[in-house]
Amino acid sequence: MNTLKVERHGPVVTVRLHRPHVLNALSGELLAELLDVLRPLDGDPEAGCFVVTGSAKVFAAGADIKEMSGRTAADMAAEDYFSGWEEFAGLRTPKIAAVNGYALGGGCELAMMCDLIVAGESAVFGQPEIRLGVIPGIGGTQRLTRLVGRAKAMDLVLTGRTMDAPEAERAGLVSRVVPDDQVLPEALEAARAIASHGRASVAAARECVDRALETGLRDGILFERRVFHGLFATEDQKEGMAAFLEKRVPRFTGR
Ligand code: DAK
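Small disclaimer: the values here were computed from a predicted structure and weren't measured.

Undergrad: Outline the environment of valine 99, listing residues and values.
TA: Within the secondary structure, valine 99 sits in strand β5 (residues 95-99). Residues valine 99 and asparagine 2 lie 97 residues apart in sequence; the distance between their C-alpha atoms is 21 Å. Ignoring anything within four residues of it in the chain, the contact list for valine 99 reads Phe59, Ala111, Ile117, Val118, Ala119, Gly120, Ala123, Phe125 and Val183.

Now the structure itself:
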């Protein structure tokens, strides 16, 4: 592994982006290594949550500009450059971004592909690609707009300005803001909580929440109700409700 450091504690897998000389810029190699690590773990019943983080000073300063700069449109199309990020976004295991410092361009897009963003007070978010003569291209114009609304998304994408952690929290981009040294502990605690729940209900909850961004209210409510009904076919539903009534901690099996 050249670009990542990976740790596993029980059901929580932590991936630390590690290209310090370029502020963790996201290269093709980093993406390939990230997918090599996470792909086999996705669907592993023992893996309950992924945490993606950077260093104490930077999450990721975007896609690797040096790697991209000389490419032509034909190169980009032929390689379908960075299409693998959609595979990352589509992993079924819940993902938490633990962000300190810069999360710019592809770094902000990577954080938005996660289910939760836990940010340190020093975190800085933005889509500055316009300053490079391009636009966000790993979902930034789409996810940012859905998460923070058109007004704020236009502001960030057209001016290239950044927003600090309190603004990102007010805008709805960030789930929690904590002191910098608490970012990873807070993210790991959230990851352990998620991993302690039944896998089927966690997967169902993620699908339903994300569906809210893609469908009308009526269809979304119906989708939620059908998924809710379906969970009564799982052993985890029986166990979760029995444990409540028996005043004990549930033992979910993912079945
Ligand atoms: N790529 C490559 N190297 C980078 C980098 C990046 N994104 N960001 C920083 N570095 C390197 C710097 O070049 C510098 O290297 P040396 O000069 O020391 O060799 C080193 O990291 C330290 O950076 P600075 O000296 O600039 O550090 P400062 O603290 O002064 O400034 C900064 C920090 C984050 C404000 C600044 O580094 C900066 O503005 N970085 C660029 C931020 C940015 O523009 N990010 C967006 C990148 S474009 C695609 C779709 C999307 C994309 C790509 C493809 N397709 C669908 C095909 C995504 C595009 C982007 O994300």
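Undergrad: Which residues make up the site of the ligand, and what are the values?
TA: Lining the immediate environment of the ligand, one finds 22 residues, of which Ala61, Ala63, Ile65, Gly106 and Gly137 sit closest. Alanine 61 is positioned such that a nitrogen or oxygen atom in its backbone is 2.9 Å from a nitrogen atom of the ligand. With respect to the ligand, the backbone of isoleucine 65 contributes an N or O atom lying 2.9 Å from a nitrogen atom. The protein chains hide 59% of the 1,100 Å² of surface that the ligand would expose on its own. Broken down by secondary-structure element, the contributors of at least two residues to the shell around the ligand are α2 (65-69) and β6 (102-104). Grouping the amino acids of the shell around the ligand by side-chain chemistry returns 15 nonpolar, five polar and two charged.

Undergrad: Can you tell me about the packing of helix α6 (residues 140-148) against helix α7 (residues 150-159), naming the residues and giving the values?
TA: Two numbers describe how α6 lies on α7: the axes approach to 7 Å, and their chain directions differ by 140 degrees. Between α6 and α7, the angle is such that the two are oblique. Remark: the crossing between α6 and α7 carries right-handed chirality. On α7, the residues touching Leu144, Thr145 and Val148 of α6 are Arg150, Lys152, Ala153, Leu156 and Val157. Of the residues assigned to the contact of α6 with α7, the class counts are five nonpolar, one polar and two charged.

Undergrad: Describe the environment of alanine 193, naming the residues involved and giving the relevant values.
TA: Secondary-structure assignment places alanine 193 in helix α9 (residues 183-195). Judged by relative accessible area, alanine 193 falls into the partly exposed class, the value being 36%. In the structure, alanine 193 is positioned 181 residues away from valine 12 in sequence and 10.0 Å away in space, judged by C-alpha atoms.

Undergrad: Can you tell me about the nonpolar core, naming the residues and giving the values?
TA: By size, the foremost hydrophobic cluster in this structure holds 49 residues, and its most contacted members are Leu38, Phe59, Trp85, Phe88, Val99, Phe125 and Leu173. Residue contributions to this core peak at six residues, all from helix α1 (residues 28-38). With near-sequence residues (within four places) excluded, leucine 173 lies in contact with Cys108, Met112, Ile117, Phe125, Leu144, Leu147, Val148, Met163 and Ala168. Counting 15 residues, the second largest nonpolar core, distinct from the first, contains Val51, Ala98, Leu116 and Val202.

Undergrad: Mind laying out α1, listing which residues take part and the relevant values?
TA: Those residues of α1 lying buried are Leu30, Leu31, Glu33, Leu34, Leu35, Val37 and Leu38. Along its buried surface, α1 packs onto β1 (4-9), β2 (12-17), β3 (49-53) and α4 (84-89).

Rules used throughout
Residues numbered from 1 in each chain as written. Predicted model: local features only at pLDDT ≥ 70, side-chain atom pairs only at ≥ 80, totals over all residues. Heavy atoms only, no water. Helix = DSSP H or I, 4+ residues; strand = E, 2+ residues; numbered from the N terminus. Contact = heavy atoms within 4.5 Å. Near = heavy atom within 4 Å. Polar contact = N/O pair within 3.5 Å; in protein donor to acceptor, adjacent residues only side chain to side chain. Areas by Shrake-Rupley, 256 points an atom, 1.4 Å probe, with all protein chains shown as cover. Nonpolar A, V, L, I, M, F, W, Y, C, P; charged D, E, K, R; others polar. Axes fitted to C-alpha atoms, helices over the stretch in contact; angles between N-to-C directions. Parallel < 35°, antiparallel > 145°, perpendicular 65-115°, else oblique. Left-handed = near helix turned anticlockwise from the far one by under 90°. Buried < 20%, exposed > 50% of the residue type's maximum accessible area, 1.4 Å probe, protein only. Core = buried A, V, L, I, M, F, W, Y, C linked by side-chain atoms within 4.5 Å.

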